[in-house]
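One letter stands for each residue in the lines below.
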Amino acid sequence: MGNVLRLALVIAAKDLRAELRSRTALLSALVFAALVLVVFNFARDPTALSAQAIAPSALWITFTFGAIVALNRAFAMEREHAALDGLLLAPLPREALYLGKLLANLAFVAIVETVSLPLFVLFFNVDLGHALGGLIAVIALATIGFVAVGTIFSAMAVRTRFAELLLPVLLLPFMVPPLIGASTLTARLLDGRPLSEMYGLVRLLALYDIVFVTLCTLLFPAVVDE
Amino acid sequence: MMPSFASARATVRRGRVITLLALAGLAAVYVLALDYTPVELHQGLAQKIFYLHVPAAWTALLIFSLMGVVSIVYLWLHDERLDLFAEASAEVGLVFSAVMLTTGPIWAKPIWGTWWQWDPRLTLTLFLFFLYVGYTALRASIHDPLERGRFSAVVAILGMLLVPFIHLSVYLFRTLHPKPVVLKPSAPSLPPEMLRTLLIAFVVCLLLYLGLVMMRYGTGVAERLREAGGEAGEVADAG
């Protein structure tokens, strides 16, 4: 197990190194996220709707689309010059490959989220203060869940004819439980309610993460092995 | 072992008979719903759609669970027939979930006062429909049959596990849907005529599923045999 985790970190480091050298995907995801936040402000009639009222939805729409941009990139990179075949030939457990890809995607999405959260606070005039700790926990729980499923789907979608279309179509239903949970929790946290009050939703998010990370790790060999 | 053209053709023929029986059963359900069951006190005649909406929803959910189980076995045994069965089930399931999603708003309009409401259970059954769409779209976009089988099996297994999360959320979020009247720990709170009609309608739906799946499965087998370079001339009859 320790070995699997070590190899997973090697894969994740490789992915992030490649990404930080080119920076194209990261930059496009960041610009995209900033753009969504800005557009949201213009799409709202300020006399009818306060910025705070749509803040939770704006935040989660930004994160969701940012994550899809990130996930589309995850295996597209491996397809060029048949890099995936090289990875599969390496003496590497498939579980480690999956977990490495998952970690790299999580890091990638986390960067996008870390940059868009302050922008969100700025544009939407929300006071995070006391809610910050709880909000970070909620963001982490929800992100792990849909990125876990998204990682396995991006490995599949990249080998089909309509990769960029298929990933969101497949992923959408799987995003619903984490997104409903996360946006409800975000709204309540921004209202100044404590996280302990919504224990049921937090547990649902945690359960989702455990179930789908485990399942995707087990199913990943079926996706890459002939 | 793949079945032969002859047995594929026999499956399609048997499926056709079962489908016709199920369609006759469906007509009987209409008669029962309109004539045999009492009119609901608050909802009036609008409630009659219950006998179609609920069995279709149950069947759509059941088919997806079945596809999940079959897919687990497929990844284990690599038997092509299981993959073809899952493919056939997905297409029939797509139809049942479309019935569920069209009858729902027709019921909702007079009762809730709106065609569509972002009620959690409605939202999540919409996503069950999207699961079916995603599954069929994935199958359509992969050329290699073995890869298609493995990928779609993974989606079906993950989807099956998503269904309990759908049910969990019914209880965790506010809902406009009626609380369960049949599938709950205590005894069903329906008049016996209503319950009987509902169960008959459910059996009819299952029969319809069986018949349609057999026809689609037989066609799928014939297609697979043709792709493998079988007797091309016989395909037309089997389909």
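The structure this text deals with has already been given above.
Structure report, in brief.

Notes on the overall build of chain A
Then comes step 1: The helix and strand tally for chain A stands at eight helices and zero strands.
Then comes step 2: Along chain A, helices (α) and strands (β) appear in the sequence α-α-α-α-α-α-α-α when read from the amino end.
Then comes step 3: For chain A, the C-alpha radius of gyration of 18 Å lies close to 17 Å, the compact-globule estimate for 226 residues.
Then comes step 4: Taken along its principal axes, the extent of the C-alpha atoms in chain A is 60 × 35 × 30 Å.
Then comes step 5: The buried share among the 226 residues of chain A stands at 42%.
Then comes step 6: Sequence-distant contacts in chain A: of pairs separated by 6 or more residues, those separated by 24 or more amount to 86%.

A word on the interface of chain B and chain A
Then comes step 1: Of the residues lining the interface, 26 residues belong to chain B; the matching set on chain A comes to 25 residues.
Then comes step 2: Among the elements that take part in the side of chain B that touches chain A, helix α5 (residues 145–172) of chain B stands out by supplying 14 residues, more than any other.
Then comes step 3: Of the residues in the side of chain B that touches chain A, the class split is 21 nonpolar, three polar and two charged.

Structural notes on helix α1 (residues 5–36) of chain B
Then comes step 1: Between its terminal C-alpha atoms α1(B) stretches 45 Å, which fits the 46 Å expected from 32 residues at 1.5 Å a residue.
Then comes step 2: If you check which residues of α1(B) are buried, you get B:Phe5, B:Ala8, B:Arg9, B:Thr11, B:Val12, B:Gly15, B:Val29 and B:Ala33.

Observations regarding unusual backbone geometry
Then comes step 1: In the Ramachandran plot, A:Asn125 falls in the positive-phi region, its phi being about 60° despite a non-glycine side chain.
Then comes step 2: Its place among the elements puts A:Asn125 in the loop between α5 (94–124) and α6 (132–157).
Then comes step 3: For A:Asn125, a count of 11 C-beta atoms within 10 Å translates into the label exposed.
Then comes step 4: Unusually for a residue other than glycine, B:His78 sits at a positive phi of about 55°.
Then comes step 5: Here B:His78 shows up in the loop between α2 (50–77) and α3 (80–112).

A word on the packing of α2(B) against α3(B)
Residues and elements named next belong to chain B.
Then comes step 1: Interhelical geometry of α2 versus α3 gives an angle of 155° and a closest axis separation of 8 Å. Overall, the two elements α2 and α3 adopt an arrangement that is roughly antiparallel. As for the relative orientation of α2 and α3, their crossing is left-handed in sense.
Then comes step 2: A breakdown of the residues in the contact of α2 with α3 according to their chemical character gives 20 nonpolar, eight polar and one charged.

Rules used throughout
- Sequence positions are assigned chain by chain, starting from 1 and proceeding in written order.
- Following the order in which they are written, the chains are lettered starting with A and the ligands numbered starting with 1.
- Since the coordinates come from a predicted model, pLDDT governs what is reported: local features require at least 70, and pairs of side-chain atoms require 80 or more to be given and counted, while whole-chain, interface and lining totals use all residues.
- Starting at the N terminus, helices and strands are each numbered in turn, a helix being any DSSP run of H or I of at least four residues and a strand any DSSP run of E of at least two.
- The globule rule is 2.2 Å times the number of residues to the power 0.38, and the radius of gyration it is compared with is taken over C-alpha atoms.
- Residues with at least 20 other C-beta atoms within 10 Å of their own are called buried, those with 12 or fewer are called exposed, and the rest are partly exposed. The C-beta atoms themselves are positioned from the backbone.
- Distance between backbone-placed C-beta atoms decides contact: two residues are in contact if it is within 7 Å.
- Three classes are used: nonpolar for Ala, Val, Leu, Ile, Met, Phe, Trp, Tyr, Cys and Pro, charged for Asp, Glu, Lys and Arg, and polar for all others, with Gly counted as polar.
- The span you would expect from a helix comes to 1.5 Å times its residue count less one.
- Interaxial angles span 0 to 180 degrees and are taken between N-to-C directions of axes, which are lines fitted to C-alpha atoms, for helices over the stretch in contact.
- These descriptions rest on fixed angle ranges, namely under 35 degrees for roughly parallel, over 145 for roughly antiparallel, 65 to 115 for roughly perpendicular, and the rest for oblique.
- Two helices crossing with the near one rotated counterclockwise from the far one by less than a right angle form a left-handed crossing, whereas a clockwise rotation gives a right-handed crossing.

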